[in-house]
Amino acid sequence: DVKVTQSSRYLVKRTGEKVFLECVQDMDHENMFWYRQDPGLGLRLIYFSYDVKMKEKGDIPEGYSVSREKKERFSLILESASTNQTSMYLCASVYSDLMNTEAFFGQGTRLTVV
Amino acid sequence: QQPVQSPQAVILREGEDAVINCSSSKALYSVHWYRQKHGEAPVFLMILLKGGEQKGHEKISASFNEKKQQSSLYLTASQLSYSGTYFCGSSRGSGGSNYKLTFGKGTLLTVNP
């Protein structure tokens, strides 16, 4: 089975702190994604990476950056956490070929910024 | 481009049918359907790639219209286990950055006994 592991289920950070959310996948997928999930807003794409060191902004990249130094690990960084970044963060590792694309999600990190 | 889902919420009794729609003003390369149960991660249901395609089985199936601008998810004779939030997603193509996968806002489906 594909496994996508996020480093923390729950996290509480103070305003202004630098926050690292880690995501690791074990299936050698090239594509990895970070989403933010808020009630009524669905899954909003923050950043994605389609290869090691290759990244592209999603729909809401402001206040976030990412790092992908190794294929299996994709990190989301909140440079200076703010209360409006309190949310559920979901990482996805995506299998793709010509006929199919399937995302495998981690269990999520519920981040609270106080 | 983010697809638009409707309705936002549906409440059913066990055994009733439901349809969830996903649309876009431009043709989509593909449509993906996911279900997320409360407190869990979203899980893949199916992907449709071709205009006019229909996929799935008797109970949960989906269609993609010829112009590739609308997809519908059909839930037949609903069961309690169908409850959850359904998301449609789309990518802009295949290869490299074309795999950018964006989702609609979701449809909350509640099935009551």
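Reference entry: report on the structure contained in this document. The shown structure was predicted, so the numbers you read here are calculated from the model rather than taken from an experiment.

**Some details on the overall build of chain A**
Item 1. Within chain A, the secondary structure is distributed over zero helices and 11 strands.
Item 2. Listed N to C, the secondary structure of chain A is β-β-β-β-β-β-β-β-β-β-β in terms of helices and strands.
Item 3. Computed over the C-alpha atoms, the radius of gyration of chain A is 13 Å, within 12% of the 13 Å expected from 2.2 N^0.38 for a compact globule of 114 residues.
Item 4. Projecting the C-alpha coordinates of chain A onto the three principal axes gives extents of approximately 45 × 30 × 25 Å.
Item 5. Relative to its 114 residues, chain A shows a buried fraction of 49%.
Item 6. Sequence separation of at least 24 residues holds for 53% of the intrachain contacts in chain A that already meet a minimum separation of 6.

**Examining the state of the cysteines**
Disulfides are covalent bonds that link the sulfur atoms of two cysteine residues.
Item 1. For the coordinates displayed, the defined rule picks out two disulfides over all chains.
Item 2. Disulfide pairing is shown between Cys-23 of chain A and Cys-91 of chain A; the S-S distance is 1.9 Å. The sign of the S-S torsion, about -75°, decides the handedness of the disulfide formed by Cys-23 of chain A and Cys-91 of chain A: left-handed. Taken as a pair, Cys-23 of chain A in strand β3 (residues 19-25) and Cys-91 of chain A in strand β9 (residues 87-96) lie far apart in primary sequence, 68 residues in all. Pair check on accessibility: Cys-23 of chain A and Cys-91 of chain A agree, each one buried.
Item 3. Two residues share a disulfide in this structure: Cys-22 of chain B and Cys-88 of chain B, whose sulfurs sit 2.1 Å from each other. Note on the Cys-22 of chain B and Cys-88 of chain B pair: the S-S dihedral is about 75°, so by sign convention the disulfide is right-handed. Taken together, the positions of Cys-22 of chain B in strand β3 (residues 18-23) and Cys-88 of chain B in strand β9 (residues 84-91) put the pair 66 residues apart, joining distant regions of the chain.
Item 4. With relative accessibility at 0%, the residue Cys-22 of chain B sits in the buried group.

**So, the interface of chain B and chain A**
Item 1. Facing 23 residues of chain B, the contacting portion of chain A comprises 28 residues.
Item 2. Interface area for chain B against chain A, summed over the two sides, is near 2,100 Å², with a carbon-plus-sulfur share of 59%.
Item 3. At the surface where chain B touches chain A, the tally comes to one salt bridge.
Item 4. Across the contact surface, chain B and chain A share three residue pairs in polar contact (both at pLDDT 80 or more).
Item 5. Elements with a contribution of two residues or more to the side of chain B that touches chain A: β4 (31-36), β5 (43-48) and β10 (101-103) of chain B.

**Some words on the sheet that holds strand β6 (residues 54-56) of chain B**
Residue and element names in this part refer to chain B.
Item 1. Across the sheet, five strands lie side by side as β1-β3-β8-β7-β6; this open sheet has antiparallel pairing. Single-partner strands in this sheet number two, and they are β1 (4-6) and β6. With strand direction ignored, the average angle separating the axes of adjacent strands in the sheet is 20°.
Item 2. Where β6 and strand β7 (residues 60-64) come together, three bridges link them in antiparallel fashion. Considered in β7, the bridge of Gln-54 is made with Ser-63.

**Quick word on the sheet that holds strand β8 (residues 73-78) of chain A**
Residue and element names in this part refer to chain A.
Item 1. Overall, antiparallel pairing links the four strands, which are arranged β1-β3-β8-β7 in an open sheet. Where the open sheet ends on each side, the last strands, each with one partner, are β1 (4-6) and β7 (64-70). Neighbouring strand axes in the sheet, compared pairwise and without regard to direction, differ in orientation by 20° on average.

**Some thoughts on the packing of aromatic side chains**
Item 1. For the coordinates displayed, the defined rule picks out 11 aromatic pairs over all chains.
Item 2. Seen in terms of ring centroids, Phe-33 of chain A and Tyr-35 of chain A are 5.9 Å apart; in terms of plane orientation they differ by 5°. Their pairing is stacked. Like Tyr-35 of chain A, Phe-33 of chain A is buried.
Item 3. Taking 6.4 Å as the distance between ring centres and 75° as the angle between the ring planes, the aromatic pair formed by Phe-87 of chain B and Phe-103 of chain B counts as edge-to-face.

**Overview of unusual backbone geometry**
Item 1. The amide bond that connects Ser-6 of chain B to the next residue, Pro-7 of chain B, takes the cis arrangement and shows omega of -10°.
Item 2. Within the fold, Pro-7 of chain B resides in the loop between β1 and β2 (9-13).
Item 3. You will see that Asp-28 of chain A, though not glycine, has its phi angle at about 60°, which is positive.
Item 4. Along the chain, the position of Asp-28 of chain A falls in the loop between β3 and β4 (31-38).
Item 5. Despite not being glycine, Lys-53 of chain A has its phi angle at roughly 65°, a positive value.
Item 6. Mapped onto the elements of the fold, Lys-53 of chain A is located in the loop between β5 (42-51) and β6 (54-57).
Item 7. Residue class for Lys-53 of chain A comes out exposed when judged on its relative accessible area of 59%.

Cut-offs used in this document
Residues numbered from 1 in each chain as written. Chains lettered and ligands numbered in written order. Predicted model: local features only at pLDDT ≥ 70, side-chain atom pairs only at ≥ 80, totals over all residues. Heavy atoms only, no water. Helix = DSSP H or I, 4+ residues; strand = E, 2+ residues; numbered from the N terminus. Rg over C-alpha atoms; globule rule 2.2 N^0.38 Å. Buried < 20%, exposed > 50% of the residue type's maximum accessible area, 1.4 Å probe, protein only. Contact = heavy atoms within 4.5 Å. Disulfide = S-S within 2.5 Å. Buried area = accessible area lost by both parts, 1.4 Å probe. Salt bridge = Lys/Arg side-chain N within 4 Å of Asp/Glu carboxyl O. Polar contact = N/O pair within 3.5 Å; in protein donor to acceptor, adjacent residues only side chain to side chain. Pairing = 2+ DSSP bridges. Axes fitted to C-alpha atoms, helices over the stretch in contact; angles between N-to-C directions. Phe/Tyr/Trp six-rings, centres within 6.5 Å; stacked < 30°, edge-to-face > 60°.

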